[in-house]
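This is what each chain is made of:
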Amino acid sequence: MAIRAGRQRAFRLNKRLKTFFENSWTELIARWILGITFIYASYHKIISPGDFAKIIYGYDLLPDGLINLIAIILPFVELFSGLALILGIYPLSAALIVNGMLLTFIIALSINLVRGHEFDCGCFSFGETGYTSSAVQLLVRDIMYFFLGLQVLFYDRCRRWCISQGR
Amino acid sequence: MRYKDMSKGLIILLGLAVIAAFTANFLLPKGIALVGQWDESQGVITARAKDDVVDDDLEIDDVEIAKQIYGSGEAVFVDARSREDYEEGHIKGAVSLPVGQFHDFIDAFKAQYSTASTIVTYCSGRTCDDSHKLARLFFEQGYTRVSVFIDGYPGWEAEGFPIE
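Since this is a predicted model, take the numbers as computed values, not measurements. (Residues numbered from 1 in each chain as written. Chains lettered and ligands numbered in written order. Predicted model: local features only at pLDDT ≥ 70, side-chain atom pairs only at ≥ 80, totals over all residues. Heavy atoms only, no water.)

### Some thoughts on the pattern of salt bridges
In step 1: Here the structure, examined in full by the defined rule, presents ten salt bridges over all chains.
In step 2: Here D79(B) and R81(B) are joined by a salt bridge, their closest N and O atoms 2.8 Å apart.
In step 3: Among the ionic contacts, a cluster of salt bridges with common partners joins K54(A), D129(B), D130(B) and K133(B). (Salt bridge = Lys/Arg side-chain N within 4 Å of Asp/Glu carboxyl O.)

Listed below in structure tokens is the structure:
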């Protein structure tokens, strides 16, 4: 009897979660949070690519020849995918790009966390000299954004306020 | 269809981003070179931005040479780091002139050291360009004999040279 009641509760919870994730407002909010975050994150990198290049150098993961190219291109990939998410232009592709970037950040942060390498993440602003954010906090935040990206990516119904549905 | 659309979106978004990125980098006053100087053995690291302050010709890249200049007593060593870093430890006899507060302190500095003085700036090593920024500000004030000791306080301290 108790097992049956438990199964029913699990079934109801599962149904509620399914309804929540299939709700078009949930998808819209996830898409806009990601979009605004990435546009905001791109701003200071675009106006000050030299400082951003130094932040990339600080991660100590990329060959020297790639640092400047990444510093030039990455902020615009953030900007364009953020805009595409908000406006609903190729939302699937934009979510894929954003999650690709988030996965890269998560791997980079994890590597530096494991090897105890101190650095400035440079995510939203450039820290003062010697300023280091908590890598664990950054990691948790990026993982949360990654799940928002998955919501956009796996949502397969009609999206709200989209210029192109991208389905 | 879904994957075809997604691939098309990826190509369009990434293509536009790359074109916009290189155009903006070319037009913006803070644009950077395609390849920077990221080898610390070659000097202070820099993205080689259009407004770059790093000037290789000013650099003293050997701690021993810096020590000789220091030993001659003819140069004023100027610490470009924050006042807190300076108070934690600095080259013995160095003057603190944090680069962010240059204009607050330069008049007092000038009253003590004329523009004919030999100045050696330093900060916290080869990943730091504050000493170069400070050197540029000194040139703007009319100082002509300015050098940058690029190994900074960590390099000096590592050699066991006088600190306080």
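### Brief notes about the domain arrangement of chain B
Residue and element names in this part refer to chain B.
In step 1: Its domain assignment divides chain B into domain 1 (1-31) and domain 2 (40-158).
In step 2: One C-alpha centre belongs to domain 1, the other to domain 2; they are set 41 Å apart.
In step 3: At the junction of the two partners, domain 1 supplies seven residues and domain 2 supplies four residues.
In step 4: Both sides of the domain 1 and domain 2 interface together cover about 320 Å² of buried area, and 36% of this is carbon and sulfur.
In step 5: For the domain 1 face of the interface with domain 2, the top three residues by lost area are P29, K30 and G31, together amounting to 79%.
In step 6: At the surface where domain 1 touches domain 2, the tally comes to zero salt bridges.
In step 7: For the interface between domain 1 and domain 2, the tally reads four residue pairs in polar contact (both at pLDDT 80 or more).
In step 8: When the residues that make up the side of domain 1 that touches domain 2 are grouped by side-chain class, the tally is four nonpolar, two polar and one charged. (Domains from an automatic or database assignment. Contact = heavy atoms within 4.5 Å. Buried area = accessible area lost by both parts, 1.4 Å probe. Polar contact = N/O pair within 3.5 Å; in protein donor to acceptor, adjacent residues only side chain to side chain. Nonpolar A, V, L, I, M, F, W, Y, C, P; charged D, E, K, R; others polar.)

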